[in-house]
Amino acid sequence: MSKTLVPYLVPDVSDLARALRRHWPSQPDMPGQVDMLNLLARCAGFSNFQSYRQHALRPQKTEVSHPPVPALAQKFMQLLDAQGQLTRWPSGRPLQQLALWYLWGRFDRRRSYHEREVNTLLNQHHRFGDPALLRRELVGLGLLSRSDDCRDYRRLSPQPPDDVIAVLKHRERQLQAA
């Protein structure tokens, strides 16, 4: 004989135990309330009612939800096209800094770049055609270092702000979904 699972949901197990006892034919060996609760718990796969209660009171794992994207990060995401390129240079300083952090993430921290390589990399990630502006701003914000002769650029390693982390994670989720 095969077992079939029959899902049964009751708002209160104690009420169910009382209802069963009321409809149980009167017998001298009728189980009491506690015995009935233990019997119901064993039917559900628990050793007794206390272990059932411990399980029922334990917070249930919920589906992983992503934290909401901050408002500034949402505004910044509107500046990116489907390929992740910056479509225009933002007017406000907070958005500009977020854009620079976003571009900073494209540089490999283990290597140095010549100015031409920096321009090529920046041109791959923006569409408004001004790599010199972006290069100067990245150096000015302390995200890239530049040698005195402007031939050697290196990515510095400051800690990104929370908005930047939110943008990068949100963008990564978008790319994974596509």
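The coordinates are above.
Residues numbered from 1 in each chain as written. Predicted model: local features only at pLDDT ≥ 70, side-chain atom pairs only at ≥ 80, totals over all residues. Heavy atoms only, no water.

Draft legend 1. Structural detail: the side chain of His125. Here His125 lies in the loop between α6 (115-124) and α7 (131-140). If we skip the residues at most four places from it in the chain, His125 touches Gly84, Gln85, Leu86, Leu103 and Arg106. (Helix = DSSP H or I, 4+ residues; strand = E, 2+ residues; numbered from the N terminus. Contact = heavy atoms within 4.5 Å.)

Draft legend 2. Inspection of the packing of helix α1 (residues 13-23) against helix α2 (residues 33-43) at higher detail. Where α1 contacts α2, the axes come no closer than 9 Å and their chain directions differ by 110°. Classified by the angle between their axes, α1 and α2 sit roughly perpendicular to one another. The interaxial crossing formed by α1 with α2 has right-handed handedness. Contacts between α1 and α2 involve Val13, Ser14, Leu16, Ala17, Arg18, Leu20 and Arg21 on the former and, on the latter, Gln33, Met36, Leu37 and Leu40. Its residues placed into classes, the contact of α1 with α2 shows seven nonpolar, two polar and two charged. (Axes fitted to C-alpha atoms, helices over the stretch in contact; angles between N-to-C directions. Parallel < 35°, antiparallel > 145°, perpendicular 65-115°, else oblique. Left-handed = near helix turned anticlockwise from the far one by under 90°. Nonpolar A, V, L, I, M, F, W, Y, C, P; charged D, E, K, R; others polar.)

Draft legend 3. View of the pattern of salt bridges. Per the stated rule, a full pass over the model turns up seven salt bridges. Asp15 serves as the salt-bridge partner of Arg18, at 3.2 Å between the closest nitrogen and oxygen. Of this pair, Arg18 and Asp15 both sit in helix α1, separated by three residues, roughly a single helical turn. When its relative accessible area of 43% is taken as the criterion, Asp15 is described as partly exposed. Asp152 serves as the salt-bridge partner of Arg154, at 3.5 Å between the closest nitrogen and oxygen. (Salt bridge = Lys/Arg side-chain N within 4 Å of Asp/Glu carboxyl O. Buried < 20%, exposed > 50% of the residue type's maximum accessible area, 1.4 Å probe, protein only.)

Draft legend 4. Main features of α6. Residues of α6 that are buried include every one of Val118, Asn119, Leu121 and Leu122, and no others. The buried residues of α6 occupy one face: seen down the axis, they fall within an arc of 165°. Packed against the buried residues of α6 are α5 (93-104), β1 (112-113), α7 and β3 (153-155). (Arc of directions from axis to C-beta.)

Draft legend 5. Summary view of the environment of Glu137. Within the secondary structure layout, Glu137 lies in helix α7. Aside from chain neighbours lying at most four places away, what touches Glu137 is Trp89, Arg93 and Leu100.

Draft legend 6. Molecular detail of the sheet that holds β1. The three strands are arranged β1-β3-β2 in an open sheet whose pairing can be described as antiparallel. Here the strands that pair on one side only, and so sit at the sheet edges, are β1 and β2 (144-146). Direction of pairing for β1 relative to β3: antiparallel, over a ladder of two bridges. Bridging across to β3, Tyr113 finds its partner in Tyr153. (Pairing = 2+ DSSP bridges.)

Draft legend 7. Structural detail: the side chain of Asp81. Relative to the helices and strands, Asp81 resides in the loop between α4 (71-77) and α5. Here the side chain of Asp81 touches Gln83 through a polar contact of 3.0 Å, landing on its backbone nitrogen. Of the polar contacts made by the side chain of Asp81, one reaches the side chain of Arg127; its length is 2.9 Å. Setting aside residues up to four positions removed in sequence, Asp81 forms contacts with Thr87, Arg127 and Arg171. (Polar contact = N/O pair within 3.5 Å; in protein donor to acceptor, adjacent residues only side chain to side chain.)

The values reported here are purely geometric and, on their own, carry no functional implication.
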